[in-house]
Amino acid sequence: MNAIKQYHIDNGYKFVVVESKSDRYVARSIHHDGGCQWRLRASFSKIQSQWEIKKIDVQHSCLSTNLSADHVNLDSTHIASMVLTSVKANPSVRIKSLIAEIKNLYGYTIIYRKGWLGKQKALALAFGNWEQSYNDLPRWLEAVKESNPGTIVQLLLLVWLMVFKTAYEMKQPIVQAKLSIMRSEFKQAFSWIDRIPLEKWTQAYDGGKRYGHMTTNLAKCINFVLKGARSLPISALVKATFEEKNMVS
Ligand SMILES: [Zn+2]
């Protein structure tokens with residue numbers, strides 16, 4: 001599919017998918033109704049254990065379109081594979097830079113939304129699914145709690161859990177309510193967290209627009225808390241566990 005997309009992107013043609021099954025893939029020219037007979041059939045070969053293009057009916061007879069505009073077959077999945085290296089090297093890379101990178105390499109200026117989606121998919125590919133990592137958190141916190149009984153441990157774990165829950169809260173008033181509870185209950189930890197602007201680590205304040213930045217800054221936020229708790233032996237344990245689980249890049 002990447003090869004088909006790349007051919008169309010490079011040459012300015014466009015296709016639509018007619019059939020997409022686990023063992024069969026058919027695409028045809030977007031200008032089929034205008035008379036372009038280009039059609040491609042691919043199937044999954046069980047013997048070769050790979051996809052094979054079986055048949056391509058004629059060349060595109062439609063006119064290739066403007067190479068500088070966005071391209072319908074340049075979708076976010078394809079963009080993710082294009083920008084994966086950049087995103088891996090710098091998870092907070094700006095969408096603008098990624099758009100420029102694609103423009104340089106392929107000549108297309110993609111729309112912001114596609115760049116954003118592509119970056120999210122690249123982040124998931126590079127660092128695993130963040131949301132899943134956070135969903136797993138309560139389970140391993142429970143395990144740590146069992147093996148390390150003690151009030152300081154429990155207090156720290158509680159702070160972390162609340163920070164995570166706050167980060168993913170969608171409503172601003174609820175975020176404020178949680179923050180004020182945390183501020184009064186965990187003064188020390190919060191002198192650190194309050195140094196990071198809300199729009200950098202909470203979904204409610206970044207409008208979901210900068211999810212990628214949020215997750216990177218959330219990681220920074222955790223590191224701030226860890227820094228604040230440096231003197232406590234538990235921080236090393238928790239940090240090691242975090243790294244092992246690939247939750248902090
Ligand atoms: Zn065509």
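Right above here is the structure, for reference.
This section reports on the structure supplied with the text. Predicted model, so just to flag it, every value in this text is computed and none were measured.

1. Structural notes on the overall build of the protein
Looking only at helices and strands, one finds twelve helices and four strands in the protein. The burial tally for the protein puts 41% of its 249 residues in the buried class.

2. A short note on the sheet that holds strand S3 (residues 39-45)
What the four strands build is an open sheet, ordered S1-S2-S3-S4; its pairing is antiparallel. Here the strands that pair on one side only, and so sit at the sheet edges, are strand S1 (15-20) and strand S4 (50-57). Going across the sheet, the axis of each strand differs from the next one's by a mean of 20 degrees, ignoring polarity. Where strand S2 (residues 24-29) lies against S3, five bridges are found, and the strand directions are antiparallel. Counted as the bridge partner of Val26 is Arg41 from S3. Each of S1, S2, S3 and S4 is contacted by helix H1 (residues 2-11), which is oriented at about 165 degrees to S1, the strand it contacts most.

3. Examining unusual backbone geometry
Located in the positive-phi region is Ser49, a residue other than glycine, with phi close to 55 degrees. Even without being glycine, Val58 reaches a positive phi, approximately 50 degrees. Its location among the elements puts Val58 in the loop between S4 and helix H2 (76-89). When its relative accessible area of 51% is taken as the criterion, Val58 is described as exposed.

About the thresholds
Residues numbered from 1 in each chain as written. Predicted model: local features only at pLDDT ≥ 70, side-chain atom pairs only at ≥ 80, totals over all residues. Heavy atoms only, no water. Helix = DSSP H or I, 4+ residues; strand = E, 2+ residues; numbered from the N terminus. Buried < 20%, exposed > 50% of the residue type's maximum accessible area, 1.4 Å probe, protein only. Pairing = 2+ DSSP bridges. Axes fitted to C-alpha atoms, helices over the stretch in contact; angles between N-to-C directions. Contact = heavy atoms within 4.5 Å.

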